[in-house]
Amino acid sequence: MKKSRTERNDPLRDGYSRIIDYLRLSVTDRCNLRCIYCMPAEGVTPWKHADILSYEEITRIVGIAAGLGVKKVRITGGEPLTRKNITFLVRSIAQITGIEDLTMTTNGVLLERYAQELADAGLRRINVSLDSFRPDRYREMTRGGDLEAVLRGIRAAEKAGLLPIKINMVPVKGLNDDEVEDFARLTLQTDWQVRFIELMPTGSHDFWSPDRYITTDDVRKRIEAIGPLEPVKVRSKGPSRYFRLAGARGVVGFISALTHHFCSDCNRLRLTADGKLRPCLFSETEIDLRSALRGNADDAEIGRLLRLAIEVKPEGHTIGTRAAKGGSVGCGASGAVARKPMSRIGG
Ligand code: SAM
Ligand code: SF4
């Protein structure tokens, strides 16, 4: 294990006493799918390669963040497995002293090819985003995705020991919400963590609408028709609340970004692929680390910018208040809605 660049200090706390020890790294804004709620059909004009942080730049930032108290890193995107030689980055981050947990969120399309080498490089676990088990519907929701490839990827991840497998499902009313019960039933036979994520109003293509949005409470009621849900403690400080169906091997989780704010427990910072630190998913405030890195800033200056991002982290967002009432949550002047697609922020 290499030494981190600075001595580890007391945990980093923001202005609301939350400990910030989790960094989500978006390593690319590119993707091999076009999920209907994430980006428009034509995609989003990709950033130029020179605008994207290099692996050396990302590793340097993580090293400094680890010295300040960051313990957990998730690699995301865009689709992280589309970035060339991603295993190199995984190995570099896994070797940083202080990083105790290294995970990835992927659509799983290329996972079959990479699962074993990611595990060998030090990746601990994987979240696979999967919204339907019906090949035609999966293809429609992802605009072209091959469900079989994702299922092979999940099996490869299991074989490689990237456990427990977490599945992220975004229920969309009228599209795939009739599969909620099937997804929950999967936990009866597998030890997967199946997490239902509320549709969020991100991006500028206005997919979100009250007609498509389904609340966690509604999803939960449908699952409770299968059987009662027992709350369970899962060793994870994330935004998901977990439950178990009687006799199930796995658990179901709910990530209710809109209706049950998890802001009070938020422990994360995001770094976009073009090097902006984003203290909150739903705030447009960004701190430009790339200019600092490329302007020869020393580690102390990068550390200062990381602390600044934590200092300006807002207490919470307000979009749920409007959404829960069935109101419009289009991009308003309040800045409460993420105007960039998730593929650019790093979901
Ligand atoms: N491409 C990878 C994937 O799909 O897993 C990683 C990036 S993707 C932006 C991360 C997660 O964000 C996915 O689970 C996806 O379902 C979720 N996501 C994207 N747009 C969303 C939205 N508008 N509402 C809720 N979840 C969204
Ligand atoms: Fe790509 Fe992930 Fe967005 Fe789907 S959700 S378009 S897989 S970045």
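Please read all numbers here as calculations on a predicted model, not as lab measurements.

(A) Summary view of helix α3 (residues 111–121). Among the residues of α3, L111, Y114, A115, L118, A119 and A121 are the ones counted as buried. Summarising the axial view, the buried residues of α3 lie within an arc of 150°, below the 170-degree limit, and thus occupy one face. What points out from α3, more than 90 degrees from its buried face, is the exposed set R113 and D120. On the buried face of α3, the contacting elements are α2 (86–94), β3 (101–106), β4 (125–129) and α5 (147–159). At the C-terminal side of α3, G122 shows a positive phi close to 115°.

(B) Just the site of ligand 1, in detail. Around ligand 1, 18 residues are found, and the nearest of them are Y37, G78, S129, M200 and M342. Here E79 contributes a side-chain N or O atom positioned 3.2 Å from a nitrogen atom of ligand 1. Within the side chain of S129, an N or O atom sits 2.5 Å from an oxygen atom of ligand 1. Calculation on ligand 1 without its partners gives an accessible area of 540 Å², and the protein chains cover 95% of this total. Its residues placed into classes, the shell around ligand 1 shows six nonpolar, ten polar and two charged.

(C) View of the site of ligand 2. In the vicinity of ligand 2, the contacting residues are C31, L33, R34, C35, C38, M39, G78, N107 and S343. A breakdown of the residues in the shell around ligand 2 according to their chemical character gives five nonpolar, three polar and one charged.

(D) Structural context of the confidence of the model for the chain. Residues at a pLDDT of 70 or more form 86% of the chain, whose mean pLDDT is 87. Throughout residues 326–336 the model reports pLDDT below 50, and contacts reaching past four residues in sequence, or to other chains, amount to 26 contacts.

(E) Representation of the sheet that holds strand β8 (residues 241–245) within the structure. An order of β7-β8-β9-β6-β5-β4-β3-β2-β1-β10-β11-β12 is seen for the twelve strands of this open sheet, with the pairing classed as mixed. Edge positions in the sheet fall to β7 (229–232) and β12 (287–288), since each has one partner strand and no second. For β8 and strand β9 (residues 251–255), the ladder comprises three bridges, and the chain directions are antiparallel. Its bridge partner lying in β9, R241 is registered against F254.

(F) Quick peek at the pairing of β8. Pairing of β7 with β8, which is carried by four bridges, proceeds in the antiparallel orientation. Residue pairing for β8: L229 is matched across the bridge by L245. In this structure, the hairpin formed by β8 and β9 is closed by a connection of five residues, where G247 is found at a positive phi of approximately 80°.

(G) Looking closely at helix α4 (residues 135–142). By the burial criterion, the buried members of α4 are R137, Y138, M141 and T142. Projected down its long axis, α4 shows its buried positions confined to an angular sector of 120°, all on one face. Structurally, α4 contributes buried residues whose contacts are with α5.

(H) Structural context of the side chain of R278. Structurally, R278 can be placed in strand β11 (residues 276–278). Assessed through its relative accessible area of 0%, R278 is described here as buried. A polar side-chain atom of R278 sits 3.0 Å from a polar atom in the side chain of E286.

(I) How the structure looks around the packing of helix α1 (residues 55–68) against helix α9 (residues 299–311). The contact between α1 and α9 brings their axes to 10 Å, and the two run at 70°. Taken together, the axes of α1 and α9 lie roughly perpendicular to each other. As for how α1 packs across α9, the hand of that crossing is right-handed. From α1, R60, I61, I64, A65 and L68 reach across to α9, where they touch D299, I302, G303, L306 and R307. For the contact of α1 with α9, the class distribution of residues is six nonpolar, one polar and three charged.

(J) Local environment of the environment of R13. Take R13: it is sitting in the segment before β1 (22–26). For the pair R13 and R307, spaced 294 residues apart in sequence, the C-alpha to C-alpha distance is 9.0 Å. When near neighbours in sequence (up to four residues on either side) are disregarded, R13 contacts R18, I19 and I310.

Cut-offs used in this document
Residues numbered from 1 in each chain as written. Chains lettered and ligands numbered in written order. Predicted model: local features only at pLDDT ≥ 70, side-chain atom pairs only at ≥ 80, totals over all residues. Heavy atoms only, no water. Buried < 20%, exposed > 50% of the residue type's maximum accessible area, 1.4 Å probe, protein only. Helix = DSSP H or I, 4+ residues; strand = E, 2+ residues; numbered from the N terminus. Arc of directions from axis to C-beta. Contact = heavy atoms within 4.5 Å. Near = heavy atom within 4 Å. Polar contact = N/O pair within 3.5 Å; in protein donor to acceptor, adjacent residues only side chain to side chain. Areas by Shrake-Rupley, 256 points an atom, 1.4 Å probe, with all protein chains shown as cover. Nonpolar A, V, L, I, M, F, W, Y, C, P; charged D, E, K, R; others polar. pLDDT = per-residue confidence, 0-100. Pairing = 2+ DSSP bridges. Axes fitted to C-alpha atoms, helices over the stretch in contact; angles between N-to-C directions. Parallel < 35°, antiparallel > 145°, perpendicular 65-115°, else oblique. Left-handed = near helix turned anticlockwise from the far one by under 90°.

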